[in-house]
Amino acid sequence: MSSADVLHAPAAGTNPPLRDWRLWKTGIAAAVLWAGVGGVTLAWPNVEVGFSSWGYTREFGAAALALALLLLLAAAPGAGQLRPVRALRRAGPWLATLAVAVGAWEIATAKLALLPSPFFAPPQSLIEVYATDYKRLADSLANSLWLLANGFLLGAAAGFLTGVAIGWSRGLGYWVHPVLRFLGPVPSTALLPMAFFFFPSSWSAAVFLIALATWFPVTVLTWSGVAGVNRAYYDVARTLGANEWFLVLRVAIPAALPQVFVGLFMGLGASFSVLVAAEMMGVKSGLGWYLSWAQGWASYANMYGALIVMALVFSGLISLLFLGRDRLLAWQKGVVKW
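Quantities reported herein were computed from a predicted structural model and do not represent experimental measurements.

**A look at the overall build of the protein**
Part 1 of the reasoning: When you go through the protein residue by residue, the secondary structure sums to 14 helices and zero strands.
Part 2 of the reasoning: Listed by position from the N terminus, the elements making up the protein come as α-α-α-α-α-α-α-α-α-α-α-α-α-α.
Part 3 of the reasoning: A total of 338 residues make up the protein; the buried ones form 38% of that total.
Part 4 of the reasoning: In the protein, of all internal contacts separated by at least 6 residues, the share reaching a separation of at least 24 is 71%.
Part 5 of the reasoning: As displayed, the protein offers around 19,500 Å² of accessible surface, 70% of which is attributable to carbon and sulfur atoms.

Written out as structure tokens, the structure is:
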């Protein structure tokens, strides 16, 4: 490096890294855009639909302005030392894009009525849903989570045990593999009529179908993980005097856990679809039932509110699964690509 380069190089700690500078700019842009959404919402009168205007417009505009102020505070010098602020800055590009989408949604519905009502409700209608119908929505969410927990845990446990068994024993694999090939490609939702007929209640039928949708991917991925363990691990353990149970519990299963978590992820995604379908067709509670109820009464704002809750909750469950994987398999991070 020449002396001129040394003279023009920035001193350590005087300028933020380029990535932090970009995050700061996107945070400021997101704040400006959300302030614009709030200003448009409050200053531009709504188009009356059915001799009435959309409710909670002021509350939505105030919320947009509050979010803009929060983003400005997060962009202040020194605020980046806090972990929540760093997370907010990293979300800056998404928040800016979301502001543009919400602003276009507000203008196309509440301000210009370009989209037909009541099929397309403005953003402030979601606030009205959460403020006035939160009890029914919370009860539906609790019922869905309880149904999902029963079906997913049963299916995951059965799939894990089945996968370990057929991955370790060729004799069991001879009998189970044809069942996997026969039942695996069949969507669980296609078995809804049969399940509702054979099971004593729609709830137990839904639990069975969710468990079945979870069982197949967990079984296949666990089987693949156990069957793919390096044979040298077994040879070393046997040399040290390990018995069969030790080989299964302390060698095969730990080595197969990355594959097991992939199966759990796939099973969780499949269980969401079966859960909603079962609730919409037979189970008289849950978010799927809430969607059908809202559509039947042409309460499309309630339907959109339930869809947002569903997306947030299901995404949160997948994030929790990944967090558990990272904690449980921290010792394999040097071997497994995350």
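That shown, we press on.
**Let's talk about the nonpolar core**
Part 1 of the reasoning: Leu264 and Phe314 are the most contacted members of the largest nonpolar core, which has 52 residues in total.
Part 2 of the reasoning: When residues of this core are traced back to their parent elements, those giving at least two are α7 (134-168), α9 (192-198), α10 (202-227), α11 (231-239), α12 (244-281), α13 (287-296) and α14 (300-328).
Part 3 of the reasoning: Ranked by residues supplied to this core, first place goes to α12 with 16 residues.
Part 4 of the reasoning: Among all residues touching phenylalanine 314, those that are not within four sequence positions of it are Phe272, Leu275 and Val276.

**Regarding the pattern of salt bridges**
Part 1 of the reasoning: For the coordinates displayed, the defined rule picks out four salt bridges.
Part 2 of the reasoning: When the shortest N-O distance is used, the salt bridge between lysine 111 and glutamate 106 registers 3.6 Å.
Part 3 of the reasoning: Put simply, arginine 325 and aspartate 326 hold a salt bridge, and the shortest N to O gap is 3.2 Å.
Part 4 of the reasoning: A relative accessible area of 25% places aspartate 326 in the partly exposed class.

**Some remarks on α11**
Part 1 of the reasoning: Taking the backbone nitrogen of alanine 232 as reference, a side-chain oxygen 3.0 Å away marks asparagine 230 as the first, capping residue of α11.
Part 2 of the reasoning: Looking one or two residues beyond α11, the residue adopting positive phi is glycine 241, at roughly 95°.

**Here we look at the packing of helix α4 (residues 83-90) against helix α5 (residues 92-111)**
Part 1 of the reasoning: The N-to-C vectors of α4 and α5 enclose an angle of 55°; their axes lie 4 Å apart at closest approach. The pairing of α4 with α5 is recorded here as oblique in orientation. Counted together, Leu88, Arg89 and Arg90 of α4 and Gly92, Pro93 and Leu95 of α5 form the full contact between these two elements.

What counts, and at which threshold
Residues numbered from 1 in each chain as written. Predicted model: local features only at pLDDT ≥ 70, side-chain atom pairs only at ≥ 80, totals over all residues. Heavy atoms only, no water. Helix = DSSP H or I, 4+ residues; strand = E, 2+ residues; numbered from the N terminus. Buried < 20%, exposed > 50% of the residue type's maximum accessible area, 1.4 Å probe, protein only. Contact = heavy atoms within 4.5 Å. Areas by Shrake-Rupley, 256 points an atom, 1.4 Å probe, with all protein chains shown as cover. Core = buried A, V, L, I, M, F, W, Y, C linked by side-chain atoms within 4.5 Å. Salt bridge = Lys/Arg side-chain N within 4 Å of Asp/Glu carboxyl O. Polar contact = N/O pair within 3.5 Å; in protein donor to acceptor, adjacent residues only side chain to side chain. Axes fitted to C-alpha atoms, helices over the stretch in contact; angles between N-to-C directions. Parallel < 35°, antiparallel > 145°, perpendicular 65-115°, else oblique.

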